[in-house]
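Chain by chain, the residues run as shown.
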Amino acid sequence: VQNRLQQTFAKQLRPGQSVWEWSYETDEEDRSWPARCRATVTIPVVGRSFTGAWVRGQRDAQIEACGLVAQFLSEGGELPTTLSKGELPRTLSKGSSTEFADDMSDSALGSE
């Protein structure tokens, strides 16, 4: 999936810029091992974030989120028209439609 992203958006990436940024949430109340986790991957060049389902372990959480990115690319994932300053990227979560993220800060967009 990472290679597909790099190939698709090669012209938009700055030298040394990562094609994606990862964050993870764990279920604080879950006492089993591995803990329930979900991953969110942000693709800065398209201003989109994808959040996978809650699963057991960080590796499986990352796989879930990668599946959402692969689906986005297979459906012809495109660059946004333009994000205005302060506009939030859309977030795609497993099992839901695309929505505007309401919990992301400017730093998640790569602007500080």
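Refer to the structure above for everything that follows.
Here we summarise the structure given alongside this text.

Reading the values: the criteria
- Residues numbered from 1 in each chain as written.
- Predicted model: local features only at pLDDT ≥ 70, side-chain atom pairs only at ≥ 80, totals over all residues.
- Heavy atoms only, no water.
- Helix = DSSP H or I, 4+ residues; strand = E, 2+ residues; numbered from the N terminus.
- Buried < 20%, exposed > 50% of the residue type's maximum accessible area, 1.4 Å probe, protein only.
- Areas by Shrake-Rupley, 256 points an atom, 1.4 Å probe, with all protein chains shown as cover.
- Phe/Tyr/Trp six-rings, centres within 6.5 Å; stacked < 30°, edge-to-face > 60°.

Bringing the overall build of the protein chain into the picture now. Check the secondary structure of the protein chain and you find two helices and six strands. Its helices and strands taken in sequence order, the protein chain reads α-β-β-β-β-α-β-β from the N to the C terminus. Split into buried and exposed, the 112 residues of the protein chain put 33% on the buried side. Carbon and sulfur atoms make up 46% of the accessible area of the protein chain, which totals about 7200 Å².

Considering the arrangement of structural elements, one finds Ser49 in strand 3 (residues 48-51). Residue Ser49 is classed as buried on the basis of its relative accessible area of 0%.

A separate point is the packing of aromatic side chains. Within the structure shown, the criterion is met by three aromatic pairs. Seen from their ring centres, Trp22 and Tyr24 are 6.2 Å apart, and the 10 degrees between their planes marks the pair as stacked. Look at Tyr24 and you get partly exposed, because its relative accessible area is 31%. When the centroid spacing of 5.2 Å and the interplanar angle of 50 degrees are considered together, the rings of Phe50 and Phe72 count as tilted. Placement of the pair is Phe50 in strand 3 and Phe72 in helix 2 (residues 58-74), with a sequence separation of 22 residues. Residue classification places Phe50 among the buried residues on the basis of a relative accessible area of 0%. What links up through ring pairs into an aromatic cluster is the set Trp20, Trp22 and Tyr24.

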